[in-house]
2 protein chains.
Amino acid sequence: MPEKPPYLRIADVLRQRIADQEWTVGDRLPSRAQIAEECGVGENVVRRAQELLISQGVLEGRAGSGTYVAEPRRRVRMVRSSAREQQPGGSPFRADMLALGKQGHWESHTEAKVPAPAEIAVRLGIGEGDLCVRTVYEFLAEGCPVQLSTSWEPYELTAGTLVVLPEGGPHAGVGVVNRMAAIGITVSHAVEQPEPRHASAEEASLLGIQKGALVTHIRRTYYSDQGRPVETADIVIPAALCEVVYEIPVSRS
Amino acid sequence: MPEKPPYLRIADVLRQRIADQEWTVGDRLPSRAQIAEECGVGENVVRRAQELLISQGVLEGRAGSGTYVAEPRRRVRMVRSSAREQQPGGSPFRADMLALGKQGHWESHTEAKVPAPAEIAVRLGIGEGDLCVRTVYEFLAEGCPVQLSTSWEPYELTAGTLVVLPEGGPHAGVGVVNRMAAIGITVSHAVEQPEPRHASAEEASLLGIQKGALVTHIRRTYYSDQGRPVETADIVIPAALCEVVYEIPVSRS
DNA sequence: TCGAATTTGTGCGTATGTATC
DNA sequence: GGATACATACGCACAAATTCG
């Protein structure tokens, strides 16, 4: 006879009490010791139950402070489609924010002449250690960080042009496709490879999410019409904050 | 001074021993008790270390049997693009397998007149409880299951036609786009929403992966040129077995 | 300003369940 | 069916972070 483990029973109790509005969004729960005594179980059982609910986004633990009822954040919708890439004057992220009617902006930090690590070199079709322009992005919606990205471009490609720096000069902030067009390179397609994984401690603190929360890690590479990779990026999208949507046209011959 | 926890030290020891070929692919490691004594730590430390390596795909735990060195499986590449949807006579999955030069097939089980659950009803733009045709798929590459999918179509849409059953009749196994075309419905685009999550126990056993392993759960919906949803599916892709790739064309105006 | 009390987070040990051989 | 080994659940101790007097 399968008897439900105590920690699952406590998890249900906590869920029920939240549903009953005994605690509402933002409230702090009693300490583990209190709940444990109240429910007649060990402290550790309460901890396990809380961990479960935290992983489900119902609760939120703050070290040294307490366990709180998490607020159900509206997730930001990130559309990834060919149409999105055709923004004449803006970047894809700005288009997403526009569609949501939200204030979106980003901060970036560019370093030129960074030697390419092995994986990046493979993705860009260059030699390991070849120089790149690396730009680290932090995208914010309404002031809250919702997405991280690290972009790599071969230095050789843009050296000496006005678009060497992705976020500097007259073509700042218009996206890879438009910038490459300015120096006569036609970007014909992008390849995106989404992978599920857990957030690192650093990513979690940057994005304001729980450590180990689920994220989608997208490896994106832009290719020119010559078939040459012109940019590749590692994009980290936290599942708790964003939903990723691909729109794929279907045209039968 | 931050001293590395014992379980991380043991994890490094195990990794090193594997790198040194002391244990090779498929070998069974000594029992936890043996390793624990050998390394002078508690059994639990060894367990934590093994859990870490299992989550990284280095080891594989088999209950009642032992812990083994996992074989590095070649991941199956699943391309999702507009071009993929334009296969004249085959399904998208078959196209993927063809591209890999692998033997690909699938098993399916269809039930007609299943009432739509709430979430499915929303995605299909029908009422909750309205009848649907539900088809459960299990996709296999070289005989190994690599992908699960549950497809829903409004029963009203195909009732009385030759394509009521997705995997029956003269249009079996050609994909949604081609089947809909056979009854005069033009599918214009698909929307896919990939979400990272952990595999359920049932999914893990069906896919032959570790319980709780990372998967990409894609909610896909096909729309007709009238803008009406004609099919929606929940696709489960285990990260350990498959890589998902989106190809996005870029055309500047 | 500082330090003590409180609370969560982490590591590790032990007991029990369960699958495999 | 028994022995072995992994899986799960719970308890304890301590560290880290926060709060408050």
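Each chain has its residues counted from 1, running along the sequence as written. As a convention, the first chain written is A and the first ligand written is 1, with the rest following in written order. With pLDDT at 70 or above as the cut-off, local features in this predicted model cover only qualifying residues; side-chain atom pairs require 80 or more to be listed or tallied, and sums for whole chains, interfaces and linings still use all residues. No hydrogens and no water enter the side-chain calculation; it runs on all heavy atoms of the structure.

Chain A has the name GntR family transcriptional regulator in an unreviewed UniProt entry, where Streptomyces katrae is given as its organism.

### A short note on helix α1 (residues 6-19) of chain A
Residues separated by three or four positions in an α-helix point in the same direction, a consequence of the helix having 3.6 residues per turn. All names here are of chain A. Between its terminal C-alpha atoms α1 stretches 20 Å, which fits the 20 Å expected from 14 residues at 1.5 Å a residue. When accessible area is computed with a 1.4 Å probe and restricted to protein chains, residues below 20% of their type maximum are described as buried, those above 50% as exposed, and intermediate ones as partly exposed. Note on conventions: DSSP H or I runs of at least 4 residues are helices, E runs of at least 2 residues are strands, and numbering of each starts at the N terminus. Along α1, the residues classified as buried are Ile10, Ala11, Leu14, Arg17 and Ile18. The buried residues of α1 occupy one face: seen down the axis, they fall within an arc of 130°. Whether two residues are in contact is decided by their heavy atoms, any of which lying within 4.5 Å being enough. Along its buried surface, α1 packs onto α2 (32-39), α3 (43-55), β1 (59-62) and β2 (66-69). The first or second residue beyond α1 is Gln21, which carries a positive phi of 65°. To estimate the expected span of a helix, count its residues, drop one, and scale the result by 1.5 Å. The directions considered for the arc are those from the helix axis to the C-beta atoms.

### Regarding the nonpolar core
The biggest cluster of nonpolar side chains holds 71 residues, and the ones touching the most others in it are B:Ile209 and B:Tyr222. Among buried residues, those of type Ala, Val, Leu, Ile, Met, Phe, Trp, Tyr and Cys that are joined through side-chain atoms within 4.5 Å constitute a nonpolar core. In terms of nonpolar packing, the next biggest core, distinct from the first, is built from 16 residues, B:Leu14, B:Ile35, B:Cys39 and B:Leu53 among them.

### Looking at the protein's contact with DNA strand D
Residue and element names in this part refer to chain A. For DNA strand D, the set of nearby residues contains 20 residues, the closest of which are Pro6, Tyr7, Asn44, Ala63 and Gly64. Among the atoms of DNA strand D close to the protein, meaning within 4 Å, 65% are from sugar or phosphate groups. Polar contacts here mean pairs of N or O atoms no more than 3.5 Å apart (in protein, one a potential hydrogen donor and the other a potential acceptor; neighbouring residues in sequence count only if both atoms are side-chain atoms). Between DNA strand D and Pro6, the relevant distance is 3.0 Å, taken from a phosphate oxygen to a main-chain nitrogen or oxygen of the residue. A per-class count over the surface near DNA strand D returns 6 nonpolar, 10 polar and 4 charged. In this text, near means that some heavy atom of the residue lies within 4 Å of the molecule or strand in question. Under the scheme applied here, ten amino acids are nonpolar (Ala, Val, Leu, Ile, Met, Phe, Trp, Tyr, Cys and Pro), four are charged (Asp, Glu, Lys and Arg), and all others, including Gly, are polar.

### Here we look at α3(A)
All names here are of chain A. Here α3 contains 13 residues, and its C-alpha end-to-end distance of 19 Å stays within 8% of the 18 Å for a straight helix at 1.5 Å per residue. Every buried residue of α3 is accounted for by Val45, Val46, Ala49, Gln50 and Leu53. What you see down the axis of α3 is that its buried residues fit within an arc of 130°, all on one side. Looking at the buried positions of α3, the neighbouring elements they touch are α1, α2, β1 and β2. Directly after α3, the chain includes Gly57, whose backbone phi takes a positive value near 80°.

### Observations regarding the relation of the copies chain B and chain A
Two chain copies, one operation linking them: a rotation about an axis together with a shift along it. The copies are overlaid by a least-squares fit using only the C-alpha atoms of residues whose pLDDT is at least 70 in both copies. For the match of chain B to chain A, the screw axis carries a shift of 0.0 Å, the RMSD comes to 0.1 Å, and the turn is 180°. Look at the turn and shift together and you get a two-fold axis relating the two. Identified as the residue of chain B closest to the rotation axis by C-alpha distance is B:Pro196, at 2.4 Å. Taken as a fraction of all interface residues of chain B, those also at the interface in chain A reach 94%, which identifies the copy contact as same-surface.

### Brief notes about the pattern of salt bridges
Whenever a carboxyl oxygen of Asp or Glu lies within 4 Å of a side-chain nitrogen of Lys or Arg, that contact is scored as a salt bridge. For the coordinates displayed, the defined rule picks out 35 salt bridges over all chains. The shortest N-O distance in the salt bridge between A:Arg17 and A:Glu22 comes to 2.9 Å. The exposure class of A:Arg17 is buried, given its relative accessible area of 15%. When its relative accessible area of 44% is taken as the criterion, A:Glu22 is described as partly exposed. Residue B:Arg62 pairs with B:Glu60 through a salt bridge whose shortest N-O separation is 3.6 Å.

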